[in-house]
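Okay, here's what each chain looks like letter by letter:
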Amino acid sequence: MADPVYRRILLKLSGEALLGEADYGIDPEVLRRLAAEVHALIDRGVEVALVIGGGNIFRGAGLAASGMDRVSADHMGMLATVMNGLAMQDALEHEGVFTRVMSAVKINQVCEDYIRRRAVRHLEKGRVVILAAGTGNPFFTTDSAASPRSVEIGADVMLKATKVDGVYSADPVNDDSAFRYERLTYDRVLDERLSVMDATAIVMCRDQNMPIIVFDINRPGALASIVEGENVGTRVERG
Ligand code: UDP
């Protein structure tokens, strides 16, 4: 096994990544597999922060579309990310991995508040830090939390987990000529509106020079390959 090329990573997991075959909620088998993959990284000395989404439970925009006040809907979305964070914590603890859930909204009896220096200390001690509640503000997404957090905690790279193995020129399901980009610049992602992450997230990564790797979380071993420096998924970086 090659030595890890990254010392500290931030992994953005959407709520959908926890769904498995279900339409709603969390598939315990998927959670176990993800926890085992993260455990393997910790065993190799990689420090891991997770930003976890909530779309498998609630998304503010969806609730607002059905008539709910948007701010309340986003609060529900953020609380959904805390639920996912607790589920991931439980799965990691079953693996014997030490973890802390840190929330951007105060919910002290359930988990810690997000405090940057404390988060970094946890990482240095080999604990997986699960960052929940996104930015803590409505009208944002967990993608837009992942970029500032990756910079704040000094991650070497942000790994954006998706259901496809990178960024494609078109939808590979509907277009046979679609091809996967191995490498893209931030500006090209923005100019061509390629679906990587929210534009706000891309702009912050560009301005702070935080590389992003978009990869298929459902491919077993993909995470390990990335930390060994293999060319997996699509890398977004400066030109
Ligand atoms: N959310 C928010 N502010 C944030 C992050 C998330 O209001 O900083 C809410 C928003 O309603 C969002 C929901 O939490 O729809 C779940 O987050 P997201 O949609 O990013 O989850 P994912 O798509 O990653 O599963």
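What you are looking at is a predicted structure, and each value in this text was computed from that prediction instead of being measured. (Residues numbered from 1 in each chain as written. Predicted model: local features only at pLDDT ≥ 70, side-chain atom pairs only at ≥ 80, totals over all residues. Heavy atoms only, no water.)

Participant: I keep staring at the packing of helix α1 (residues 28–43) against helix α3 (residues 70–94) and nothing clicks. Help me out?
Facilitator: A pair of packed helices can be characterised by two numbers: the angle between their axes and the separation between those axes. It is at 9 Å that the axes of α1 and α3 come closest, and there the two elements cross at 60°. For the pair α1 and α3, the sense of crossing is right-handed. Residues Leu-31, Leu-34, Ala-35 and Val-38 of α1 form the contact with α3, whose own contacting residues are Ala-87, Met-88, Ala-91 and Leu-92. Residues that form the contact of α1 with α3 fall into these classes: eight nonpolar, no polar and no charged. (Axes fitted to C-alpha atoms, helices over the stretch in contact; angles between N-to-C directions. Helix = DSSP H or I, 4+ residues; strand = E, 2+ residues; numbered from the N terminus. Left-handed = near helix turned anticlockwise from the far one by under 90°. Contact = heavy atoms within 4.5 Å. Nonpolar A, V, L, I, M, F, W, Y, C, P; charged D, E, K, R; others polar.)

Participant: Would you mind showing me how to read the nonpolar core here?
Facilitator: Core analysis: the biggest nonpolar cluster contains 41 residues, and Leu-13, Met-88 and Phe-215 have the highest contact counts within it. Counting only elements with at least two residues in this core, the list comes to β1 (8–13), α1, β2 (47–52), α3, β5 (128–132), β6 (157–162), β10 (212–216) and α8 (222–227). In terms of residue count, the dominant contributor to this core is α1 (seven residues). Those residues in contact with Leu-13 that sit more than four places away from it in its chain are Leu-34, Leu-50, Val-51, Ile-52, Gly-53, Met-88, Ala-161 and Ile-217. Among the nonpolar cores identified, the runner-up in size contains 29 residues, and Tyr-114, Val-167, Leu-184 and Val-214 belong to it. (Core = buried A, V, L, I, M, F, W, Y, C linked by side-chain atoms within 4.5 Å. Buried < 20%, exposed > 50% of the residue type's maximum accessible area, 1.4 Å probe, protein only.)

Participant: How should I be thinking about the site of the ligand in this particular structure?
Facilitator: In the neighbourhood of the ligand, 20 residues make up the surrounding shell, with Gly-15, Asp-74, Thr-135, Asn-137 and Thr-142 lying closest. Within the backbone of Phe-140, an N or O atom sits 3.3 Å from a nitrogen atom of the ligand. In a pocket analysis with a 2 Å cut-off to the grid points, the ligand is assigned to the largest pocket. Counting residues per element, the shell around the ligand draws most heavily on α3, at three residues. (Near = heavy atom within 4 Å. Polar contact = N/O pair within 3.5 Å; in protein donor to acceptor, adjacent residues only side chain to side chain. 1 Å grid on protein atoms, 1.4 Å probe; cavity = no way out; pocket = protein on both sides within 12 Å on 5 of 7 lines; lining within 4 Å. Sits in = over half its atoms within 2 Å of the grid points.)

Participant: Explanation requested: the pairing of strand β3 (residues 99–103) in the structure shown.
Facilitator: Remark: a regular strand shows side chains that alternate across the two faces of the sheet. Counting buried residues along β3, four of its five residues qualify, which places the element largely inside the surrounding structure. Note: β3 against β5, five bridges, orientation parallel. Within β5, the position partnered with Thr-99 by the bridge is Val-128. In this structure, β3 lies alongside strand β4 (residues 112–113), joined through two bridges in parallel fashion. Paired with Met-102 across the two strands is Glu-112, which belongs to β4. (Pairing = 2+ DSSP bridges.)

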